[in-house]
Amino acid sequence: MRYPTKDFDPSLGMMGGITPMNPMMPGLGMVFNPLSQDLPVVKEIIHCTTCTLFPPNPNLPQPATRDRPPGCKTVFVGGVPENSNEQLIVEVFGQCGEIVAIRKSKKNFCHIRFAEEFTVDKALFLSGYRIRLGSSTDKKDSGRLHVDFAQARDDLYEWECHQRMLAREERHRRKIEDDLFRPPSPPPIVHYSDHESSQLGDKIKDDGQFPEAVHVLLTWLERGEVNRRNANNFYSMIQASNGHIRRLTGEKSQHEKEVEEAKDKFKIALAGIVGQFEQIVSVFQAASKQKAWDHFTKAQRKNLDMWRKQAEEIRNMHSEQLMGIRREEEMEMSDDDMEDPPQHQGL
């Protein structure tokens, strides 16, 4: 059973700066003042239809509460007047939010389950209030409310279901992210057939399609799809693959030639760079001679000496690199001479 609720300001139970709009209005009628979070909570008299709530002494400490259970939507309310009924509980606590169920004890306490978790915080705001039914002074018509968190199986079950739902959503989100960053799977290799064999034979002969085609041929061979009936087709495709050896050898020779040309070009450029560094170092050496050196200031001499050392270091590094290239060429030439077999002259 769900109980009807009255209009109630959602800021009830928030910390700090709570002031009454109109204490004489029925209901809690309180708003949140955001001026300062350090101000104490101000509790005023609350007038309801059949009862009145008197605030606790502000100098007393706040009522102690137990640890909040996960997903708590249920509160324990003690100190309920002996002559109270379920309608009175709905009148007082229904202003906090929608009530789902009330379990009232024969003693002066009850359990109230709300529809939303945040409503519990509003209900705890009423802890410490003295309640009086009408204008009666009878002890059975008054009490001091004590509101606390309550452990309920329904709350825990709903909270666990919600956590499992969040975990499923998180796993789904991670799976989508993993799928986005996972490299695409290669297309499956078709099985051998005479039609596929004839098409693959043409692709093997094509220089551009050869790498992909020879991969399919290798897969067919590894699968063991060769038999006596199609052995001739496989032999033709293997023969066509062998025909690419001459082309690949020619391409390798061409690339080697381009590499040698690039090496020669780099060697010539490096020699020119080393020569210019030699000229720069010569300039510093000429400036270091006494007939020029005496005319520079102390700061200028310090800079000239530093620049000269830097230029010499860079010159030496490039010179060693150039000498290394030349030594490699000399070693290659000597290796070529050793490979030539000696010519034996006949007697």
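Look up a bit, the structure's there.
Residues numbered from 1 in each chain as written. Predicted model: local features only at pLDDT ≥ 70, side-chain atom pairs only at ≥ 80, totals over all residues. Heavy atoms only, no water.

## Looking at the sheet that holds strand 6 (residues 99-104)
The strands making up a sheet associate through hydrogen bonds between their backbones, and the pairing can be parallel or antiparallel. Ordered in space as 6-7-5-10, the four strands form an open sheet in which the pairing is antiparallel. The open sheet has two edge strands with one neighbour each: strand 6 and strand 10 (146-149). In this sheet, adjacent strand axes meet at a mean angle of 20° when their direction is disregarded. Examined bridge by bridge, strand 6 and strand 7 (residues 109-114) share five bridges and lie antiparallel to one another. (Pairing = 2+ DSSP bridges. Helix = DSSP H or I, 4+ residues; strand = E, 2+ residues; numbered from the N terminus. Axes fitted to C-alpha atoms, helices over the stretch in contact; angles between N-to-C directions.)

## Structural notes on the side chain of serine 241
With respect to the secondary-structure elements, serine 241 resides in helix 6 (residues 231-242). Under the relative-accessibility criterion, serine 241 is labelled buried at 15%. Among residues more than four places away in sequence, those in contact with serine 241 are Ile204, Phe210, Val214 and Leu217. (Buried < 20%, exposed > 50% of the residue type's maximum accessible area, 1.4 Å probe, protein only. Contact = heavy atoms within 4.5 Å.)

## Looking at the sheet that holds strand 8 (residues 130-133)
Pairing within the open sheet is antiparallel, and its four strands lie in the order 3-4-8-9. Strands with a single pairing partner mark the edges of an open sheet, and in this sheet they are strand 3 (46-47) and strand 9 (142-144). By the bridge criterion, three bridges tie strand 8 to strand 9 in an arrangement that is antiparallel. Bridged to arginine 130 within strand 9 is arginine 144. Strands strand 4 (51-54) and strand 8 of the sheet are contacted by helix 1 (residues 86-93), whose axis makes an angle of about 50° with strand 4.

## Re helix 4 (residues 194-205)
Spanning twelve residues, helix 4 covers 17 Å between terminal C-alpha atoms, matching the ideal 16 Å at 1.5 Å per step. Where helix 4 is concerned, the buried positions are Ser197, Leu200, Gly201 and Ile204. One side of helix 4 holds all its buried residues, which, seen down the axis, span an arc of 110°. The outward face of helix 4, more than 90 degrees from its buried face, is lined by the exposed residues His195 and Asp202. Looking at the buried side of helix 4, the elements it contacts are helix 5 (210-223), helix 6 and helix 7 (244-287). (Expected span 1.5 Å × (residues − 1). Arc of directions from axis to C-beta.)

## Comments concerning a negative patch on the surface
Where like charges cluster on the molecular surface, the negative patch consists of Glu258, Glu260, Glu261, Asp264, Glu328 and Glu332. Mapped by element, the contributors of at least two residues to the negative patch are helix 7 and helix 9 (298-339). Broken down by element, the residue count for the negative patch peaks at four residues, all from helix 7. Secondary-structure assignment places glutamate 332 in helix 9. Residue glutamate 332 is classed as partly exposed on the basis of its relative accessible area, which comes to 42%. (Patch = residues over 30% accessible without salt bridge, like charges linked within 9 Å, V, L, I, M, F, W, Y side chains within 5 Å. Areas by Shrake-Rupley, 256 points an atom, 1.4 Å probe, with all protein chains shown as cover. Salt bridge = Lys/Arg side-chain N within 4 Å of Asp/Glu carboxyl O. Lys, Arg positive; Asp, Glu negative; His and termini not counted. Charge placed at Lys NZ, Arg CZ, Asp CG, Glu CD.)

## A short note on the nonpolar core
Residues Val75, Val77, Phe93, Ile112, Phe114 and Leu126 are the most contacted members of the largest nonpolar core, which totals 30 residues. Only strand 4, strand 5 (74-78), helix 1, strand 6, strand 7, helix 2 (118-124), strand 8 and strand 10 provide two or more residues apiece to this core. Ranked by residues supplied to this core, first place goes to helix 1 with five residues. Discounting chain neighbours no more than four positions away, the residues touching valine 77 are Phe93, Asn108, Phe109, Cys110, Ile112, Leu145, His146 and Val147. Counting eleven residues, the second-largest nonpolar core is a separate cluster that includes Phe210, Leu217, Phe234 and Ala240. (Core = buried A, V, L, I, M, F, W, Y, C linked by side-chain atoms within 4.5 Å.)

## Details of the pattern of salt bridges
Within the structure shown, the criterion is met by 19 salt bridges. With a shortest N-O distance of 2.5 Å, glutamate 177 and arginine 173 are connected by a salt bridge. Note that glutamate 177 and arginine 173 are positioned in helix 3 (residues 153-181) at a spacing of four residues, about one turn of the helix. The residue glutamate 329 makes a salt bridge to lysine 267 at a minimum N-O spacing of 3.1 Å. With glutamate 329 in helix 9 and lysine 267 in helix 7, this pair connects stretches of sequence that are 62 residues apart. You can call lysine 267 partly exposed: its relative accessible area is 21%. Sharing partners across several salt bridges, the network here consists of Lys73, Arg113, Asp155 and Glu158.

## Description of the pairing of strand 5
Burial analysis of strand 5 places four of its five residues in the buried class, which makes it a mostly covered element. Sheet analysis places strand 5 next to strand 7, joined by five bridges and oriented antiparallel. By the bridge assignment, phenylalanine 76 is partnered in strand 7 with histidine 111. For strand 5 and strand 10, the ladder comprises four bridges, and the chain directions are antiparallel. Residue pairing across strands places valine 77 opposite valine 147, the latter belonging to strand 10.

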